[in-house]
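Observations on the model geometry
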Amino acid sequence: MIINIAVLASGVGSNLQALIDAPDLGAEISMVISDRPGAAALDRAGTAGIPALVVPWGEFDSRAEFCKAILGELEGAGADGVVLAGFMRVLSEDVIAAYPNRVLNIHPSLLPAFPGSNAVAQALEHGVKVTGVTVHFVDEEVDHGPIIAQRAVPVLPDDDVASLQARIQIEEHQLYPQVVSAFAAGRLQVEGRKVRWD
Ligand code: GRF
């Protein structure tokens, strides 16, 4: 059975594009939701014929109200899973509780190092020699849930944020479709903080 996933994206949407282009994702992207009306991710969805909608963050009085609207859209679309691809809002506990171990996120560092925004700049400023990509299940804490997969990316002596981010994104675009495919196939088993690939 092919599962339905919703992709939530706030920006450029290059990871969304990698999922759209994946030849054997094993999941149907049934909806793309953005919190920002101008997000390029919405255009990518439109080009691919995927229903895309905006739940505008700025028009809600609270995170709770915003997330209630997101949850309504997810449930209305019959989404089996939620894939965050550069989604810059923190989801409420209600959304996480409705999709336990069924919300995935991709983060541009080797978590638990450098959670939060500007992870690439944080890594550079800290002087690490290796950083990378983490795909994890989302729990109630930011960039914290059980880790599904990681890829290391070396930091080169002359790297700036743009050059390092570009190499990280090459890894992201390979890794995220692999993980979503494994998720869609029911291969990811969560035991506490550990995720086993069957
Ligand atoms: C990615 O680097 C991802 O790790 C982070 O946000 C960025 C989104 O990039 N969460 P894009 O919009 O998919 O191009």
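Scope of this entry: the structure provided in the associated data block. (Residues numbered from 1 in each chain as written. Predicted model: local features only at pLDDT ≥ 70, side-chain atom pairs only at ≥ 80, totals over all residues. Heavy atoms only, no water.)

Some thoughts on the pattern of salt bridges
Side chains that differ in charge, positive against negative, can pair when their charged atoms come close. Which entries qualify depends on this criterion: Salt bridges are defined by distance alone: a side-chain nitrogen of Lys or Arg within 4 Å of a carboxyl oxygen of Asp or Glu. Helix and strand assignments follow DSSP, with helices taken as H or I runs no shorter than four residues and strands as E runs no shorter than two, numbered in order from the N terminus. With a 1.4 Å probe rolled over the protein chains alone, any residue whose accessible area is under 20% of its type maximum counts as buried; one over 50% counts as exposed, and the rest are partly exposed.
If you walk through the whole model with that rule in mind, you get five salt bridges. Between Asp-35 and Arg-89 there is a salt bridge, with its nearest N and O atoms 2.8 Å apart. Taken together, the residues Asp-35 in the loop between strand S2 (27-34) and helix H2 (40-47) and Arg-89 in the loop between strand S4 (81-84) and helix H4 (93-98) connect sequence positions 54 residues apart. Given a relative accessible area of 3%, Asp-35 falls into the buried group.

With respect to the environment of His-126
Along the chain, His-126 turns up in helix H5 (residues 119-126). Between the alpha carbons of His-126 and Ala-39 there is a distance of 30 Å; along the sequence they are 87 residues apart.

What to know about the packing of aromatic side chains
In plain terms, the rule: Two rings belonging to Phe, Tyr or Trp (six-membered ring only in the last case) form a pair when the distance between their centres is within 6.5 Å. Interplanar angles under 30 degrees mark stacking, angles over 60 mark edge-to-face geometry, and anything in between is tilted.
Under the criterion given, the structure shown has four aromatic pairs. Ring centres 4.9 Å apart and planes at 80 degrees place the aromatic pair Trp-57 and Phe-66 in the edge-to-face group. On the basis of relative accessible area, Trp-57 is assigned to the partly exposed category, the value being 26%. By relative accessible area, which is 0% here, Phe-66 ends up buried. Both rings, one in Phe-60 and one in Phe-66, keep their centres 5.8 Å apart while their planes meet at 75 degrees; by these two values the pair is edge-to-face. Take Phe-60: its relative accessible area is 26%, and that puts it in the partly exposed class. An aromatic cluster of three or more residues is present, and its members are Trp-57, Phe-60, Phe-66 and Phe-87.

Quick notes on the site of the ligand
For clarity, the threshold we go by: Note on terminology: near, applied to a residue and a molecule or strand, indicates that one of the residue's heavy atoms is within 4 Å of it. Counted as a polar contact is a pair of N or O atoms within 3.5 Å, where, for protein atoms, one must be capable of donating a hydrogen and the other of accepting one, and residues adjacent in sequence contribute only when both atoms are in side chains. Here the Shrake-Rupley method, with its probe set to 1.4 Å, supplies the accessible areas, and only the displayed protein chains count as covering residues.
Around the ligand sit Val-12, Gly-13, Ser-14, Asn-15, Gly-86, Ile-106, His-107, Pro-108, Gln-169 and Glu-172, and that is every residue in its neighbourhood. At 2.8 Å from an oxygen atom of the ligand is found a main-chain nitrogen or oxygen belonging to Gly-13. Here an oxygen atom of the ligand sits 3.2 Å away from a polar atom, N or O, in the side chain of Gln-169. If the ligand stood free it would expose 370 Å²; the protein chains cover 85% of that surface.

Digging into a negative patch on the surface
The line we're drawing: For patches, a residue must show more than 30% relative accessible area and have no salt bridge; joins then use 9 Å for like charges and 5 Å for nonpolar side chains, namely Val, Leu, Ile, Met, Phe, Trp and Tyr. Within this scheme the basic residues Lys and Arg register as positive and the acidic residues Asp and Glu register as negative, but His and the chain ends are omitted. Here the site of a charge means atom NZ of a Lys, CZ of an Arg, CG of an Asp or CD of a Glu.
Together, Glu-93, Asp-94, Glu-140 and Glu-141 line one region of the surface with negative charge. For Asp-94, the position within the fold is in helix H4. Relative accessible area serves as the criterion here: at 58%, Asp-94 is assigned to the exposed category.

Looking at helix H1 (residues 14-21)
Residue pairs three or four apart in sequence face the same way in an α-helix, which turns once every 3.6 residues. Under the convention used in this document: The contact criterion used is simple: two residues touch if any of their non-hydrogen atoms lie within 4.5 Å.
Residues of H1 that are buried: Ser-14, Asn-15, Leu-16, Ala-18 and Leu-19. Turning to H1, the residues buried within the fold contact strand S1 (3-8), S2, H2, S4, strand S5 (103-107) and helix H6 (161-184).

Here's the deal with the packing of H5 against H6
Short version of the rule: Every axis corresponds to a line fitted to the C-alpha atoms, with the helix fit spanning only the stretch in contact, and the corresponding angles, defined between N-to-C directions, vary from 0 to 180 degrees. By convention, the crossing between two helices is left-handed when the near helix turns anticlockwise from the far helix through less than a right angle, and right-handed when the turn is clockwise. Residues are sorted three ways: Asp, Glu, Lys and Arg are charged, Ala, Val, Leu, Ile, Met, Phe, Trp, Tyr, Cys and Pro are nonpolar, and all the rest, Gly among them, are polar.
In contact at an axis separation of 10 Å, H5 and H6 are set at 120 degrees when each is read in the N-to-C sense. Classified by chirality, the crossing of H6 by H5 is right-handed. Residues Val-120, Ala-121 and Leu-124 of H5 touch H6, and the partners they reach there are Val-161, Leu-164, Gln-165 and Ile-168. Tallied by class, residues from the contact of H5 with H6 come to six nonpolar, one polar and no charged.

Remarks on the environment of Asp-61
Mapping Asp-61 onto the fold places it in the loop between strand S3 (52-54) and helix H3 (63-76). Residue Asp-61 is classed as exposed on the basis of its relative accessible area of 81%.

Comments concerning the pairing of S1
Here is the rule we go by: When DSSP locates at least two bridges between a pair of strands, those strands are taken to pair. For crossovers, right-handed means that the path from the first strand over the helix to the second runs clockwise, given strands pointing away from the viewer.
Most of S1 sits out of view: five of its six residues are buried. Bridge count for S1 against S2 is six bridges, and the pairing is parallel. When the bridges of S2 are listed, Asn-4 appears paired with Glu-28. In the classification by handedness, the crossover that spans S1, the intervening H1 and the parallel S2 is right-handed.

Some words on unusual backbone geometry
Across the junction of Leu-111 and Pro-112, the peptide omega takes the value 15 degrees, indicating a cis bond. With respect to the secondary-structure elements, Pro-112 resides in the loop between S5 and H5. The backbone phi angle of Asn-101 is positive, close to 50 degrees, even though this residue is not glycine. Topologically, Asn-101 is positioned in the loop between H4 and S5. Phi is positive for Asp-143, which is not a glycine, with a value near 50 degrees.

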